[in-house]
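In case you want the letters, here they are:
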Amino acid sequence: MALLDVTDLDVAYGDIHVIWDVDFSVDAGETVALLGANGAGKTTILKTICGVLSPLDGDIVYGGESITEIAPEEAVRRGIAHVPEGREIFADSTVKRNLELGAYTNRGAMGENLERVYEIFPRLEERAGQRAGTLSGGEQQMLAIGRGLMSEPDLLLLDEASLGLAPVLVDDVFEAIQRINEQGTTVFLVEQDIHNALRVADRGYVLKSGRIELSGSAEELAGDERVEASYLGE
Ligand code: ATP
């Protein structure tokens, strides 16, 4: 059984219909990538899964239960963590405080989760007392992911984790994603960076103008020229 099963999803912002009949699933233990050009609707899909947006139509089933109309706090309680595009960290709070705030639902043990985050991102432990707003872009991204891990999620939703980072930091972030997955967290990631996304993912879906255009194993998609073409709006 899939951990996450999305069927016939339609999402609109008022009169603007942006997601049409979208179907996809994510099995426990997988890393699945959602690819697509700017404005294809990737962020909208993530926000709908984690309860920030309500769909117009369709079903979202997680762990065998419908979460179609779930509130964001309830999604976190059930084990879904969302790392939003743009990070949204608390700039004036310390790194450690930001991480503690990620554990607000009290899923799991704070100390153990903090240790796990520091083990994946040693830099965050070194900077624990530093104001988050003064971290570099890459460190802020690590903090955003770390904060998501503090709720001990079964499913981690990552929105453009590598956006705007220098290549060496992009490698670090993808390496961390791989480790997080190897440690048992299922990952669903939205990415512009097709190459890296398909390197860490088991499978992928390509979204074009709000519809799933292609899907397949990471290997199949990496060798399919239609994937890149869909980014160029062809
Ligand atoms: P990007 O890679 O640029 O973040 P995306 O694939 O994540 O793009 P979305 O952010 O989901 O795309 O946007 C999908 C469509 O919905 C776009 O046409 C966008 O303009 C529109 N949209 C997003 N948010 C709103 C909103 N609050 N009100 C109206 N339209 C919106």
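Rules of the game
Residues numbered from 1 in each chain as written. Predicted model: local features only at pLDDT ≥ 70, side-chain atom pairs only at ≥ 80, totals over all residues. Heavy atoms only, no water. pLDDT = per-residue confidence, 0-100. Helix = DSSP H or I, 4+ residues; strand = E, 2+ residues; numbered from the N terminus. Axes fitted to C-alpha atoms, helices over the stretch in contact; angles between N-to-C directions. Parallel < 35°, antiparallel > 145°, perpendicular 65-115°, else oblique. Left-handed = near helix turned anticlockwise from the far one by under 90°. Contact = heavy atoms within 4.5 Å. Pairing = 2+ DSSP bridges. Patch = residues over 30% accessible without salt bridge, like charges linked within 9 Å, V, L, I, M, F, W, Y side chains within 5 Å. Areas by Shrake-Rupley, 256 points an atom, 1.4 Å probe, with all protein chains shown as cover. Salt bridge = Lys/Arg side-chain N within 4 Å of Asp/Glu carboxyl O. Lys, Arg positive; Asp, Glu negative; His and termini not counted. Charge placed at Lys NZ, Arg CZ, Asp CG, Glu CD. Buried < 20%, exposed > 50% of the residue type's maximum accessible area, 1.4 Å probe, protein only. Near = heavy atom within 4 Å. Polar contact = N/O pair within 3.5 Å; in protein donor to acceptor, adjacent residues only side chain to side chain.

**A look at the confidence of the model for the protein chain**
Of the residues in the protein chain, 97% have a pLDDT of 70 or more, and the chain-wide mean is 92. Confidence scores differ between elements of the protein chain, with helix 10 (residues 225-231) showing the lowest mean pLDDT of 85 and strand 1 (residues 4-13) the highest of 98. The ipTM value of the predicted complex is 0.93, and its pTM value is 0.93.

**Description of the packing of helix 6 (residues 137-149) against helix 7 (residues 167-182)**
Packing of helix 6 against helix 7 brings their axes to within 10 Å, and their N-to-C directions diverge by 15°. Between helix 6 and helix 7, the angle is such that the two are roughly parallel. Crossing angle aside, the handedness with which helix 6 passes helix 7 is right-handed. The segment helix 6 lies against helix 7, with Gly138, Gln141, Met142, Ile145 and Leu149 engaging Leu169, Asp172, Val173 and Ile180.

**Some thoughts on the sheet that holds strand 6 (residues 80-83)**
Strands sit in the order 6-7-8-3-9-10 across an open sheet of six strands; the sheet is mixed. The sheet is open, and its two edges are formed by strand 6 and strand 10 (211-217), each paired on a single side. Strand-to-strand, the axes of this sheet are offset by a mean angle of 15°, without reference to chain direction. Note that strand 7 (residues 155-159) and strand 8 (residues 186-191) share five bridges and pair parallel. Looking across to strand 8, one finds that Leu155 is bridged to Thr186. Where helix 7 meets the sheet, its contacts fall on strand 3 (31-35), strand 7 and strand 8, and the angle it forms with strand 8 comes to roughly 155°.

**Focus on a negative patch on the surface**
On the surface, Asp5, Asp8, Asp21, Asp23, Asp27, Asp57 and Asp59 cluster together into a negatively charged patch. Relative to the helices and strands, Asp27 is located in the loop between strand 2 (16-26) and strand 3. Owing to a relative accessible area of 34%, Asp27 belongs among the partly exposed residues under this scheme.

**Some words on the side chain of Thr185**
Summarising the element assignment, Thr185 is placed in the loop between helix 7 and strand 8. Apart from residues no more than four positions distant in its own chain, Thr185 is found in contact with Arg116, Pro153, Asp154, Leu155, Leu156 and Ile180.

**As for the pairing of strand 1**
In this sheet, strand 2 lies alongside strand 1 in antiparallel orientation, the contact comprising seven bridges. The residue of strand 2 that forms the bridge with Tyr13 is Ile16. Hairpin remark: strand 1 followed by strand 2, antiparallel, with two residues in the connecting loop; positive phi at Gly14, about 60°. Across five bridges, the pairing between strand 1 and strand 4 (residues 57-62) is antiparallel. In the sheet register, Asp10 faces strand 4, and the bridge partner there is Asp57.

**Quick notes on helix 1 (residues 42-49)**
For helix 1, a buried count of six out of eight residues is recorded, marking the element as mostly surrounded by other parts of the structure. Buried within helix 1 are the following residues: Lys42, Thr44, Ile45, Leu46, Thr48 and Ile49. Two residues or fewer after helix 1 comes Gly51, characterised by a positive phi angle close to 90°.

**Remarks on the side chain of Arg116**
Along the polypeptide, Arg116 turns up in helix 4 (residues 110-120). For the buried Arg116, which has no salt bridge, the nearest side chain bearing the opposite charge is Glu119, at an N-O separation of 6.0 Å. Setting aside chain neighbours within four positions, we find Arg116 in contact with Leu149, Ile180, Gln183 and Thr185.

**Digging into the environment of Gly36**
Mapped onto the elements, Gly36 comes out in the loop between strand 3 and helix 1. Along the primary structure Gly36 and Val206 are separated by 170 residues, whereas in three dimensions their C-alpha atoms are 5.5 Å apart. Sequence-distant contacts of Gly36, defined by excluding residues within four places in its chain, comprise Lys42, Glu191, Gln192, Leu207 and Tyr231.

**Quick word on the site of the ligand**
Around the ligand there are 13 residues in total, and Gly39, Gly41, Lys42, Thr43 and Thr44 lie nearest to it. Interatomic distance of 3.1 Å between a backbone N/O atom of Ala40 and an oxygen atom of the ligand. About the coverage of the ligand: the protein hides 61% of its 630 Å² of free accessible area. Counting residues per element, the shell around the ligand draws most heavily on helix 1, at three residues.

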